[in-house]
Amino acid sequence: MKGLIFAAGLGTRLRPVTDTRPKALVTIHGKTLLEYAVEKFVAAGITQIVINVHHFAGMIMDFVRERNGFGADISFSDESDLLRETGGGIRHAGPLLDGSGPFLVHNVDILSNLDIAAMTRNGDGSALATLLVSDRKTGRYLLFDAGGSLVAWMNVKSGEVRSPFAGLRRPPQENTAFDYEDFVASHGLAMHAFDGVHLISPEIFGLMAQWPERFSIIDFYLSVCDTHRIAAYMQPGLQIVDVGKPESLMEAESRFFPIR
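Residues numbered from 1 in each chain as written. Predicted model: local features only at pLDDT ≥ 70, side-chain atom pairs only at ≥ 80, totals over all residues. Heavy atoms only, no water.

The name an unreviewed UniProt entry assigns to the protein chain is NTP transferase domain-containing protein, from the organism Candidatus Egerieousia excrementavium.

S.K.: Sorry if this is basic, but what is going on with the pattern of salt bridges here?
M.R.: It is possible for side chains of opposite charge to pair when their charged atoms get near one another. As enumerated under the stated definition, the model contains 10 salt bridges in all. With a closest N to O distance of 2.8 Å, Arg84 and Glu213 form a salt bridge. Of this pair, Arg84 sits in the loop between strand E5 (73–78) and helix H3 (85–92) while Glu213 sits in the loop between helix H7 (204–207) and helix H8 (217–224), and the two are 129 residues apart along the sequence. Ionic contacts of the salt-bridge type, sharing partners, join the residues Asp81, Arg84 and Glu213 into one network. (Salt bridge = Lys/Arg side-chain N within 4 Å of Asp/Glu carboxyl O. Helix = DSSP H or I, 4+ residues; strand = E, 2+ residues; numbered from the N terminus.)

S.K.: What is the right way to read helix H1 (residues 33–43) from this model?
M.R.: Taken together, the buried positions of H1 are occupied by Leu33, Leu34, Glu35, Tyr36, Ala37, Val38 and Phe41. At the C-terminal side of H1, Gly45 shows a positive phi close to 90°. (Buried < 20%, exposed > 50% of the residue type's maximum accessible area, 1.4 Å probe, protein only.)

S.K.: Help me understand the nonpolar core, please; the structure alone is not making it clear to me.
M.R.: One broad trend across soluble globular proteins is that nonpolar side chains are buried collectively. By size, the foremost hydrophobic cluster in this structure holds 40 residues, and its most contacted members are Ile5, Leu34, Ile49, Ile51 and Ile60. Within the residue set of this core, elements represented by two or more residues are H1, strand E4 (48–53), helix H2 (57–66), E5, strand E7 (110–112), helix H5 (116–122), strand E12 (190–200) and strand E14 (240–242). Sorting elements by how many residues they give to this core places H1 first, with 6 residues. Beyond its immediate chain neighbours, meaning those up to four positions away, Leu34 contacts Ile5, Ala24, Leu25, Ile51, Ile60, Val64 and Val108. Counting 29 residues, the second-largest nonpolar core is a separate cluster that includes Leu142, Trp153, Phe215 and Val224. (Core = buried A, V, L, I, M, F, W, Y, C linked by side-chain atoms within 4.5 Å. Contact = heavy atoms within 4.5 Å.)

S.K.: Explanation requested: the environment of Met154 in the structure shown.
M.R.: For Met154, the position within the fold is in strand E10 (residues 150–155). On the basis of relative accessible area, Met154 is assigned to the buried category, the value being 0%. Sequence-wise, Met154 and Glu174 are 20 residues apart; in three dimensions their C-alpha atoms are separated by 15 Å. With near-sequence residues (within four places) excluded, Met154 lies in contact with Gly139, Arg140, Tyr141, Leu143, Glu160, Val161, Phe178, Tyr180, Phe183, Val184 and Met191.

So, in structure tokens, the structure goes:
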């Protein structure tokens, strides 16, 4: 199995730290976010790894090469010319990822106790993609039917619901209260937060062929979830921190590296 680490982002929420380095090279407890991600892949037996780069691309590539790839076979999907977002980033890395089996995608700014090997074993092999989700609080949720298939995306503040299913679609509402829990319950759905890790079938590349250069992977999933299964995967006891803001750096320190 191959893996893709998303490391191309600008890291704007982490400024001023990311004014001089990419988010992937921000350190927590003496080690970069990129190293944590690579080590997690390798521990799960994923040693063929693609890293997409844009912001301070050369700095990331030099860092990896100077450390001999941390013992993994690492290649780079260079987006220096254009930041392609998540969907475009996956498609751009396609020539390095495409093969006979699924591949794993992991955001570089996610720290967690996820058991990647268990996810790759237990993910839905019939699905186009299996998404790591949890019940953490957020402002935007993915909605899944009783069978665990993606059917919609919801913004709890605006009340907007995006879906290929007309009965679920709801435009954003201004100055109107939205009882999103009632909406979800009335349609027999479950709402989960997406946690930045997905197990993807190489079938996806053919389906992406006509999409523009830049696009969101969530937008893509929503466009195909009426014809292709996009499955939810949950790990009991999952602990996860999205290291996107300075305060989350401190949260990650205290949660994963407590003083002993």
